[in-house]
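Now for the letters of each chain:
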There are 2 protein chains.
Amino acid sequence: MLSDNIMDDIKQNTAVLIMTGNEIVSGKNIDTNSNYIANELFRIGVRTIRIIAVPDDKEAIHSALEEAAKLAPIIITSGGLGPTTDDITRESVAEFFGRKLILDNDQLKILERKFRNAGYSKMPENNLSQAMRPEGSEVFPNPRGSAPCIFVESKGIRAFLLPGVPMELKGIMTDSVIPYLKENIDTNESVFSRTIRVVGIGESKLADTIKPVLDDTGDIEIAYLPKDSLVDIRLTAFGESEICMKENINKLVEGISNIIPDKIYGYDTDTLEGVVGNLLLEKNLTVSTAESCTGGLLGDRITSVSGSSAYFMQGYVTYSNDAKMSLLGVDPEIILKHGAVSEETAVQMADGARERSNSDIALSVTGVAGPTGGTPDKPVGLVYMGLSDKHGTIVKKLMQRYGLERQRIKLRSAYFTLNMIRLRLLDKDLY
Amino acid sequence: MLSDNIMDDIKQNTAVLIMTGNEIVSGKNIDTNSNYIANELFRIGVRTIRIIAVPDDKEAIHSALEEAAKLAPIIITSGGLGPTTDDITRESVAEFFGRKLILDNDQLKILERKFRNAGYSKMPENNLSQAMRPEGSEVFPNPRGSAPCIFVESKGIRAFLLPGVPMELKGIMTDSVIPYLKENIDTNESVFSRTIRVVGIGESKLADTIKPVLDDTGDIEIAYLPKDSLVDIRLTAFGESEICMKENINKLVEGISNIIPDKIYGYDTDTLEGVVGNLLLEKNLTVSTAESCTGGLLGDRITSVSGSSAYFMQGYVTYSNDAKMSLLGVDPEIILKHGAVSEETAVQMADGARERSNSDIALSVTGVAGPTGGTPDKPVGLVYMGLSDKHGTIVKKLMQRYGLERQRIKLRSAYFTLNMIRLRLLDKDLY
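Residues numbered from 1 in each chain as written. Chains lettered and ligands numbered in written order. Predicted model: local features only at pLDDT ≥ 70, side-chain atom pairs only at ≥ 80, totals over all residues. Heavy atoms only, no water.

**With respect to the side chain of Ser288(B)**
All names here are of chain B.
Consideration 1: Inspection of the secondary structure assignment puts Ser288 in strand E13 (residues 287–291).
Consideration 2: According to the relative accessible area criterion, Ser288 is buried, its value standing at 1%.
Consideration 3: Separated by 2.8 Å, the side chains of Ser288 and Ser359 make a polar contact.
Consideration 4: If sequence neighbours within four positions are ignored, Ser288 has contacts with Phe312, Gln314, Ala353, Arg354, Ser357, Ser359, Ile361, Ala362 and Leu363. (Helix = DSSP H or I, 4+ residues; strand = E, 2+ residues; numbered from the N terminus. Buried < 20%, exposed > 50% of the residue type's maximum accessible area, 1.4 Å probe, protein only. Polar contact = N/O pair within 3.5 Å; in protein donor to acceptor, adjacent residues only side chain to side chain. Contact = heavy atoms within 4.5 Å.)

Take a look at the structure:
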């Protein structure tokens, strides 16, 4: 049970997340919900100060609620709202707040209608529990699933119980929880954040390189966030004056950008694929691909951008040597002499693709994705990336640093190949 | 500080994980480490009973350690071992266990050597902290990074401090932590688990379908774990008799398999890509691909299998209508009359690929990946998947159920296309 005095030292714009589910604590499923919730809260100035994952166990959930209630006035739970006997969040929360569970007839009607619409003649009995809620609580609708979100307010704590299915949770957060919080949280603090998105330099070296401008950062939090061979530098300021914070952060962004201009592919929500796509659109150019070790992943990356059909028409996946020769016209002598994984082959693959596609630019990738297939001469991780355009053909060589896995090597190669075209198109002497 | 009597009620084979990092609680990075650790522990019979994520804040880490120490005898932390001032796990843990931090000269030499090997003339001063450890602790090496793992044992608690970089953490878990635990944990309980890997049926319908055999499951835990349009059914038993548990679980696996034989693509660590690859190898067949909306993702999936060069030689990414016609010989009339996203086009793409590749089988995918490009006739998520072989050409039509994102539609299509070839090759009348 909650005591009345706990709210004294707790900051109003903080939250604790409780993720329930055996599949999380047993390591079967990765918890993506907490990441989503924390980020959404972050964007409206609410700081998540703890995330607790517990099994589908009443005692564990209760203990987590106790913990959470001592720490923050906003508690968001995920999971445990299903129709099975494992789903105990409703009752655990009701008990914690000292309320009994009541049947909400309106919710029951809504549920019954949902099941009818889904083709059931009768709602399964198990689902009755999804129309229950703690006395005095409110309900936010769940248009993508059966269990509604339950909102309980008690002694300064606001608890939101969300279903565990990511798509349902996201819908409810967007439609109901975030709007509610924006309207009802008294926060003096704003948060302002910008992200610098970097490619082609590792985290440690990056940190070292931009150190000079970081001495004067004051209250700006800096986080280096590596992912998939790319690195984000996230700059965050919390404070009262939004104008002041924006100015400081933008000044720092500029300072960092001046040190590593060529390594920054974008800001905030830019993606490398999107940035390359925009450059191609801008300059009215088309690109084709010739992939060996990436197997199609480069094409997948390019086409992850909606509207990419404006600049990408075709690609070749030439996985075998024969395919390189027959589809792209790579010279058999070249493969014999230098091997499939070579600068020479990368050149001919790119040239061949450009010619046959009649595209302005063509990219090629050939390498050793591993874990087998490496030799002392051509070890796992060795990749040649080619770019062919009207100005000529260039090749970049990539080596892996540690024991990267096959798919990591493929993805890294794909991204670095995209970066080649980015740098090429930004070269004012050429384009 | 720890009291002496806390170990009385705690089960020896349980663990609490503490993940430190502002980037986790702010929702910037998804925490995959806890999932990895929890799964690895699960496989050796150690149950994770709580996962706590905290910011890089001494008070928060201390409070999490207090919490953890009350709950389980094994504590594993991730993050906070870097060289910056944010990295405070070492000192927080030292303080919690009442130990001072000492400089380990052996570790210092190892660190200095690592930096020399990486091309630094001198180790950066910041990294000195990575040679510090709590007095009385031990160190496990980190071959993939700079910070070694620290192991502290105190009053019945065993704490392992791991670096937050996933690749480094995984290496240390595999090389040192798991072997240590296997050797040093006194556990009466064993765990036995099997996974049934399912494709082509949603989670709810799956649960309903296999319900008949589930009535007799006793102590077997069943978890439905959907991921990427595939579903895993994980069956777990904890107990003392390994033989008994294996028997019960295998019996249930058999029962489930008998109900949905065609929907099961594999067990345990089988992947759909790998299963398809094995079938192709077994039957000495080759496959080629003709991709439109997937953009190369199908080829990427096929080549995610090491050794796939034995059965996959080439693929076409025909993103534009022109490419479908010029690379695959699709009849312009067909595209004019039925559209690029049609059964007819899927047929011609598959036939064209097979002919030109001279492969035994060819797969095609053409659809509307969205979010733009949909029409009432051909909505977002509509995909046609073709398969062409010596027995003829078949096409399957796929519609999406909810508001799936572009990449999800692509991946779902790729997997369902792979499933087509799996079912085809399992058809004893044909192969």
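**Details of the relation of the copies chain A and chain B**
Consideration 1: Taken as rigid bodies, chain A and chain B are interconverted by a rotation of 180° and an axial shift of 0.5 Å, the fit giving an RMSD of 0.6 Å. What the superposition gives is, in effect, a two-fold axis relating one chain to the other. By C-alpha distance to the rotation axis, the residue of chain A lying nearest is Gly296(A), at 2.1 Å.
Consideration 2: A shared interface surface links the copies, since 96% of the contact residues of chain A are contact residues in chain B too. (Least-squares fit on C-alpha atoms with pLDDT ≥ 70 in both.)

**Some remarks on the packing of aromatic side chains**
Consideration 1: Across all of its chains, the model carries 17 aromatic pairs over all chains by this definition.
Consideration 2: With a centroid separation of 5.6 Å and an interplanar angle of 50°, the aromatic rings of Phe312(A) and Tyr319(B) are classed as tilted. In this pair, Phe312(A) is assigned in strand E14 (residues 312–318) and Tyr319(B) in the loop between strand E14 (312–318) and helix H11 (321–328), connecting two distinct chains.
Consideration 3: Take Phe312(A): its relative accessible area is 0%, and that puts it in the buried class. (Phe/Tyr/Trp six-rings, centres within 6.5 Å; stacked < 30°, edge-to-face > 60°.)

**Looking at the interface of chain A and chain B**
Consideration 1: Counting from both sides, the interface comprises 73 residues of chain A and, opposite them, 71 residues of chain B.
Consideration 2: Contact between chain A and chain B buries roughly 5,400 Å² in total, counting both sides, with carbon and sulfur atoms accounting for 50%.
Consideration 3: On the chain A side of the interface with chain B, the three residues burying the most area are Lys28(A), Arg50(A) and Tyr319(A), jointly 11% of the side's total.
Consideration 4: Here Lys28(B) makes a salt bridge to Asp232(A), at a shortest N to O gap of 3.8 Å.
Consideration 5: Residue composition of the side of chain A that touches chain B, grouped by class: 30 nonpolar, 29 polar and 14 charged.
Consideration 6: As paired strands, E14(A) and E14(B) are joined by five bridges and run antiparallel to one another. Bridge pairing links Gln314(A) to Thr318(B) in E14(B). (Buried area = accessible area lost by both parts, 1.4 Å probe. Salt bridge = Lys/Arg side-chain N within 4 Å of Asp/Glu carboxyl O. Nonpolar A, V, L, I, M, F, W, Y, C, P; charged D, E, K, R; others polar. Pairing = 2+ DSSP bridges.)

**Notes on helix H7 (residues 203–214) of chain B**
Every α-helical turn comprises 3.6 residues, leaving residues that sit three or four positions apart pointing alike.
All names here are of chain B.
Consideration 1: Here H7 has its buried residues at Leu206, Ile210 and Leu214. Within H7, the buried residues cover an arc of 80° as seen down the axis, which keeps them to one side. Residues Ser204, Lys205 and Pro212 are exposed on H7 and point more than 90 degrees away from its buried face.
Consideration 2: Next to the buried residues of H7 lie strand E9 (190–199), strand E10 (221–227), strand E11 (230–239) and helix H8 (242–259). (Arc of directions from axis to C-beta.)

**Looking at the environment of Ser388(B)**
Consideration 1: Tracing the sequence through the fold places Ser388(B) in strand E16 (residues 383–389).
Consideration 2: The spacing of Ser388(B) and Ile44(B) is 344 residues in sequence and 45 Å in space, taken between C-alpha atoms.

**Section: the domain arrangement of chain A**
All names here are of chain A.
Consideration 1: Under the domain assignment, chain A is made up of domain 1 (14–184), domain 2 (190–267) and domain 3 (272–426).
Consideration 2: The C-alpha-based centres of domain 2 and domain 3 are spaced at 30 Å.
Consideration 3: Residue-level contacts link nine residues of domain 2 with nine residues of domain 3.
Consideration 4: Taking both partners together, domain 2 and domain 3 bury about 830 Å²; carbon and sulfur atoms supply 61% of that area.
Consideration 5: The largest share of the area that domain 2 buries against domain 3 comes from Asp228, Ser229 and Tyr265, three residues that together contribute 57% of it. (Domains from an automatic or database assignment.)

**What to know about the nonpolar core**
Consideration 1: Counting residues in each nonpolar core, the largest one holds 87 residues, and the members touching the most others are Leu280(A), Ile421(A), Leu280(B), Ile361(B) and Ile421(B).
Consideration 2: Among the nonpolar cores identified, the runner-up in size contains 55 residues, and Val25(A), Ala38(A), Leu162(A) and Ile172(A) belong to it. (Core = buried A, V, L, I, M, F, W, Y, C linked by side-chain atoms within 4.5 Å.)

**Re the sheet that holds strand E10 (residues 221–227) of chain A**
All names here are of chain A.
Consideration 1: The four strands are arranged E10-E11-E9-E12 in an open sheet whose pairing can be described as antiparallel. Strands at the two margins of the open sheet, each flanked by one partner only, are E10 and strand E12 (264–267). Taking the axes of each pair of neighbouring strands and ignoring which way they run, one obtains an average angle of 20° across the sheet.
Consideration 2: In terms of strand pairing, strand E9 (residues 190–199) meets E12 through three bridges, oriented antiparallel. Bridging across to E12, Arg197 finds its partner in Gly266.
Consideration 3: Packed onto the sheet, helix H2 (residues 33–43) meets E9 and strand E11 (230–239) and runs at close to 45° relative to E11. (Axes fitted to C-alpha atoms, helices over the stretch in contact; angles between N-to-C directions.)

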